[in-house]
Amino acid sequence: MTENPANAREENDTRRDDPDTRREEAHTRDEPRETRRSLLRAAAGATLGGALSALSAEDAAAVRLTADPSSDDVAFEVDSRGRDRQGDGEQGDEAVFPHGIASGGPTPNGVLLWTRVDSDAHDGETPLAVEVAADDSFDEPAFRGTVPSAEFGSDRDYTATVDVDGELDPDTRYAYRFVHDGAASTVGQCRTLPAPDASPASLDLAIASCNHYLDGYFGAFAHVGEEDADFLLHLGDFIYEDAGDGVEGRSIDLPSGAEQATDLADYRHLYRTYRSDPNLRRALANHTMIHVWDDHEVVNDRWWNYDTNAPETYSHPRGDDPEFMRQLYVDAIRAYTEYVPARVTYEPSGGDGLAPDALHDEFRLYRSLGFGDLAELFLTDERLYRSPPPSTEDSGASTPIEDAVADPGRTMLGRDQRRWFREAVTQSNARWTLWGNEVLASAFRFVGDGDARVNADAWDGYRSERREILSGFGESGVENFLALTGDMHSYLAGYLLSDYGLGDDAADLTEDAESPSEDADRVGIEFMAPAISSDNLVESGQLPDTEAVVAGLQAVNPHVEWFDSHHWGYATVQITRDEAVYSAYAVDRERDSADVPKRLLRRYRVPAGSTEMERVDDGGEGG
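Rules of the game
- Think of each chain on its own: its residues are numbered from 1, step by step along the sequence as written.
- The predicted nature of this model means local features are confined to residues of pLDDT at least 70 and side-chain atom pairs, given and counted, to a pLDDT of 80 or more, with totals for whole chains, interfaces and linings taken over all residues.
- Calculation of side-chain values draws on the structure's entire complement of heavy atoms; hydrogens and water are dropped beforehand.
- Note on conventions: DSSP H or I runs of at least 4 residues are helices, E runs of at least 2 residues are strands, and numbering of each starts at the N terminus.
- For the exposure calls, accessible area comes from a 1.4 Å probe over protein chains only, and a residue counts as buried if that area is under 20% of its type's maximum, exposed if over 50%, partly exposed in between.
- Surface accessibility in these figures is a Shrake-Rupley result with a 1.4 Å probe; residues are shielded only by whichever protein chains are displayed.
- The term salt bridge refers to a pairing of a side-chain nitrogen on Lys or Arg with a carboxyl oxygen on Asp or Glu at a separation within 4 Å.
- Here, a strand pair is defined by DSSP locating no fewer than two bridges between the strands.
- In what follows, a contact means two residues having at least one pair of non-hydrogen atoms within 4.5 Å.
- Note on geometry: axes are lines fitted to C-alpha atoms, helical ones only across the stretch in contact, with angles between N-to-C directions running from 0 to 180 degrees.
- Between the rings of Phe, Tyr and Trp (Trp by its six-membered ring), a pair exists once the centres lie within 6.5 Å; its type follows the angle of the planes, with under 30 degrees stacked, over 60 edge-to-face, and the other angles tilted.
- In this analysis the charged atom, NZ for Lys or CZ for Arg, is taken to sit over a ring once it is within 6 Å of the ring centre and within 35 degrees of the ring normal.
- In protein, a polar contact means a hydrogen-donor-capable atom and an acceptor-capable atom, both N or O and within 3.5 Å, with residues adjacent in sequence counting only if both atoms are side-chain atoms; elsewhere, any N or O pair within 3.5 Å suffices.
- Any angle that is under 35 degrees is reported as roughly parallel, and any over 145 degrees as roughly antiparallel; angles of 65 to 115 degrees are reported as roughly perpendicular and all others as oblique.
- Left-handed describes a crossing whose near helix is turned anticlockwise from the far helix through less than a right angle; right-handed describes the clockwise counterpart.
- Under the convention adopted here, Pro, Cys and the residues Ala, Val, Leu, Ile, Met, Phe, Trp and Tyr are nonpolar, Asp, Glu, Lys and Arg are charged, and Gly plus all remaining residues are polar.
- In this text, buried Ala, Val, Leu, Ile, Met, Phe, Trp, Tyr and Cys residues form a nonpolar core when linked through side-chain atoms within 4.5 Å.
- Here, expected helix span is obtained from the residue count minus one, scaled by 1.5 Å.

**Q** Can you walk me through the overall build of the protein chain in this structure?
**A** Looking only at helices and strands, the protein chain features 13 helices and 31 strands. Buried positions account for 62% of the 623 residues belonging to the protein chain. When the accessible surface of the protein chain is totalled, it reaches about 22,200 Å², and 41% of it is carbon and sulfur.

Below, the structure is given as structure tokens:
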């Protein structure tokens, strides 16, 4: 199955205050698209590969270079200057391509290819050439095309996202590069999805999240870049909205002079800063990324206020100003679509971008990807439609349980996304069902000084909707269901239950008390990827670094098999027909080097057809 953005809309355009009855887009599956030209005719403007790609429907024929001997091969020639700077193909010409390259949005017949040309190198006349080939010699090109200079100018901050869907073979790894005025970029590796009717033997994912530029260095990304993974799954917080001084050698001064991003120029500056990191560039060049956002791509702990029909947060000085927040989303999404190659729906109704009062209508992030009949990955948007969480009188996410269990009508997904998610998962024919889930799905109770609290920014703040979804999966007989989660800056391996229960009395949640979730059915497994560099719970002072505290957390959360919030790193998940294997790696964020060692903390195996995990790391190194 191809990666499926929304392709059907409800006719009723009535706006309602109730988030469960508001109009959202109904997602359906597409059939694979066979040719590039038919793709462009059918879907121009419907995805980032159409609306934001440097290749549009009307100029596709002119941009696409054929193998005719009269083709303009000059655009692909790398001169002596470019060859000298490119070296062995790993470095590329950083003067022309200072932010590297990336690929994303895989389909069975293509990917999105991304780069940015330095503004000083952009002369308004020279086209940008892109070529895809079987290997890095580029002797056997699979696709060659050029992008007119006007299509990657200042109006999109000199970025180009080129869609080559319809040009490549399924389940194939390719080399690709960009060439501009004789200078060549780094040579990258991209990969297409298996055909919908294929039966691949395995799927290997590297999983990352939460890479705060100011909090630490990106050594973990260097290891991600070296993983023998099919795809990189990034679960959000690709950038953070903050300015200021960070670890040695890292600081951010926003063009606005503000402490947090306030406009398009600020967000563009953040993406350029983050993409200046060589370890991040290496990971993005070596793997096709599948990305879903969390909160910091816009602003921390954000939600939608259905009364004002605007986003809201208490983490920004103007977070309660509806007009400002709508425009902040417009600017953040514009920068996101310029800098992150994700095949999401982006349908601005006007020439200047998204309409501030139509964000729910013109931008859709939730979608699915199929890996033949082996696995299907569902990516949900847990920020754009969520109603206000409990205890929004301050910016803290920690909430007393009695507040969390009140107002069961809160929604994380919104009506239509929830309906799409439930129907698509229950109807999937894939052997494994994977959920790209931004925030912790499992219940996670904190108990201290007689006070029981939960993280209301996670699914504990939306427990009724969680119960509806997970119990529905259990009743429908969904098997081999894995939630792959980020956000919490921690590692976690736990069980997804049909109903966790939430007592409203801390006395009910002591180590000696019967767990309210003991009688619930297991629906699946949840594996969490840690932060690449963002402060974890121990570093931020939210959790003491003691074995007794961790043991206490597991006592009141018996469905959690393992929890660690004092390391940084990444995770991998390897799927075969017989099993899923989760590996958690620690990589120090204190050293700005690609040579920082990694070590295995834990490894768990889940046999197909089972909801039982087995530790298989022989004790590991991290306890």
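**Q** What am I meant to see in the pattern of salt bridges here?
**A** Where charged atoms from two side chains of opposite charge come close, those side chains can pair. Counting across every chain of the model gives 34 salt bridges. The partner of Arg-605 in a salt bridge is Glu-579, with the nearest N and O atoms 2.3 Å apart. You can see Arg-605 sitting in strand S30 (residues 598–607) and its partner Glu-579 sitting in strand S29 (residues 579–587), a full 26 residues away along the chain. Given a relative accessible area of 26%, Arg-605 falls into the partly exposed group. Residue class for Glu-579 comes out partly exposed when judged on its relative accessible area of 24%. It is possible to trace a salt-bridge network through shared partners that takes in Asp-294, Asp-295, Arg-383, Arg-386, Asp-457 and Asp-487.

**Q** Please explain the sheet that holds strand S2 (residues 110–116) as it appears in this structure.
**A** The strands making up a sheet associate through hydrogen bonds between their backbones, and the pairing can be parallel or antiparallel. As summarised here, the arrangement of the 10 strands in space is S5-S2-S1-S13-S10-S9-S28-S29-S30-S31, forming an open sheet in which the pairing is mixed. Strand pairing shows two members of the sheet lacking a second neighbour, strand S5 (159–163) and strand S31 (614–615), which therefore form its edges. Sheet topology places strand S9 (residues 202–208) next to strand S10 (residues 231–234); four bridges connect them, and they run parallel. Across the sheet, Ala-206 pairs through a bridge with Leu-232, a residue of S10. Relative to strand S1 (residues 101–107), helix H7 (residues 278–286) is tilted by about 35°, and along the sheet it contacts S1, S10 and strand S13 (288–291).

**Q** Hey, could you run me through the packing of aromatic side chains in this one?
**A** A complete count under the given rule lists 27 aromatic pairs for this structure. For the pair Tyr-366 and Tyr-385, a centre-to-centre distance of 5.9 Å together with 75° between the ring planes defines the contact as edge-to-face. Of the two residues, Tyr-366 is situated in the loop between strand S17 (363–364) and strand S18 (367–371) and Tyr-385 in the loop between strand S19 (375–379) and strand S20 (398–400); the sequence distance between them amounts to 19 residues. Residues Tyr-366 and Trp-420 carry aromatic rings whose centres are separated by 5.1 Å and whose planes lie at 45° to one another, so their mutual orientation is tilted. Taken together, the positions of Tyr-366 in the loop between S17 and S18 and Trp-420 in helix H11 (residues 415–427) put the pair 54 residues apart, joining distant regions of the chain. Judged by relative accessible area, Trp-420 falls into the buried class, the value being 8%. Looking at Arg-144, its charged tip hangs above the ring of Phe-76, at a distance of 4.0 Å from the centre. For the cation-ring pair, Arg-177 lies above Phe-138, with the distance from its terminal atom to the ring centre recorded as 4.3 Å.

**Q** I would appreciate a short explanation of the sheet that holds strand S27 (residues 560–564) in the present structure.
**A** Strand order in the open sheet formed by seven strands is S18-S19-S21-S24-S26-S25-S27, and the pairing between neighbours is mixed. Only two strands of the sheet have a single neighbouring strand rather than two, namely S18 and S27. Each strand of the sheet is rotated relative to its neighbour by a mean of 20°, with strand direction disregarded. As paired elements, strand S21 (residues 432–437) and strand S24 (residues 481–485) share five bridges and run parallel to each other.

**Q** What is the right way to look at H7 in this model?
**A** Structurally, the α-helix is built with 3.6 residues per turn, so residues lying three or four positions apart point the same way. Every buried residue belonging to H7 is among Asn-279, Leu-280, Arg-281, Ala-283, Leu-284 and Ala-285, and all of these are buried. If you check the start of H7, you find a side-chain oxygen 2.9 Å away from the backbone N of Asn-279, and it comes from Asp-277.

**Q** Help me understand the packing of H11 against helix H12 (residues 463–475), please; the structure alone is not making it clear to me.
**A** Between two packed helices, both the angle of their axes relative to each other and the distance between the axes serve to describe the pair. Between H11 and H12, whose axes approach to 10 Å, the crossing angle comes to 15°. Taken together, the axis directions place H11 and H12 in an arrangement best described as roughly parallel. Handedness of the crossing formed by H11 with H12: right-handed. Touching Arg-418, Phe-421, Arg-422, Val-425 and Thr-426 of H11 are Glu-465, Glu-468, Ile-469, Gly-472 and Phe-473, all from H12. Here the residues of the contact of H11 with H12 are counted per class, giving four nonpolar, two polar and four charged.

**Q** Quick question: what am I supposed to make of the nonpolar core here?
**A** In globular proteins that are soluble, nonpolar side chains generally tend to be buried together. Counting residues in hydrophobic clusters, the biggest one holds 134 residues, and the most contacted among them are Phe-363 and Phe-527. Ranked by the residues each element gives to this core, the list is headed by helix H8 (residues 322–339), at 10 residues. Excluding anything up to four places from it in sequence, Phe-527 contacts Leu-482, Ala-483, Leu-484, Thr-485, Leu-492, Ala-493, Tyr-582, Tyr-604, Val-606 and Met-613.

**Q** Any chance you could explain H8 here in plain terms?
**A** Compared with the 26 Å implied by 1.5 Å per residue over 18 residues, the 26 Å span of H8 between its first and last C-alpha is a close match. Burial of H8 is extensive: 15 of the 18 residues sit out of reach of the surface. Measuring from the backbone nitrogen of Glu-323 back to the side-chain oxygen at the start of H8 gives 3.2 Å, which picks out Asp-321 as the cap.

**Q** Sorry, what's going on with unusual backbone geometry here?
**A** Glycine aside, residues mostly have negative phi angles, and peptide bonds mostly take the trans form. Here the phi dihedral of Tyr-158 falls at roughly 65°; this positive angle occurs in a residue that is not glycine. Summarising the element assignment, Tyr-158 is placed in the loop between strand S4 (141–147) and S5. Backbone geometry at Asn-480 places phi at a positive 55°, although glycine is not the residue there.

**Q** When you look at the side chain of Asn-437 in this model, what are you seeing that I'm missing?
**A** Examined against the element boundaries, Asn-437 turns out to sit in strand S21. Among the residues examined, Asn-437 registers a relative accessible area of 0% and is labelled buried. Here the side chain of Asn-437 touches Val-439 through a polar contact of 2.6 Å, landing on its backbone oxygen.

**Q** Where do I start with the pairing of S13 in this structure?
**A** Strand residues, when the strand is regular, have side chains that alternate between the two faces of the sheet. By the alternation rule, side chains of S13 split into Thr-288 and Ile-290 and Met-289 and His-291, which are all buried. The sheet contact formed by S1 and S13 spans two bridges and is parallel. Each residue of the ladder has a partner; that of Gly-104, found in S13, is Met-289. Note that S10 and S13 share three bridges and pair parallel. Residue pairing in the sheet places Leu-232 in a bridge with Met-289 of S13.

**Q** It is not clear to me how the environment of Glu-151 should be interpreted in this structure. Could you clarify?
**A** By the element assignment, Glu-151 lies in the loop between S4 and S5. Placed 24 residues apart in sequence, Glu-151 and Pro-127 show a C-alpha to C-alpha distance of 8.9 Å.

**Q** What is the right way to read the packing of helix H6 (residues 264–274) against H8 from this model?
**A** Where H6 meets H8, the axes come as close as 8 Å, and the angle between the chain directions of the two elements is 35°. Seen along the crossing, H6 lies across H8 with a hand that is right-handed. Mapping the contact onto sequence places Leu-264, Tyr-267, Arg-268, Tyr-271 and Arg-272 in H6 and Leu-328, Asp-331, Ala-332, Arg-334, Ala-335, Tyr-336, Glu-338 and Tyr-339 in H8. Grouping the amino acids of the contact of H6 with H8 by side-chain chemistry returns eight nonpolar, no polar and five charged.

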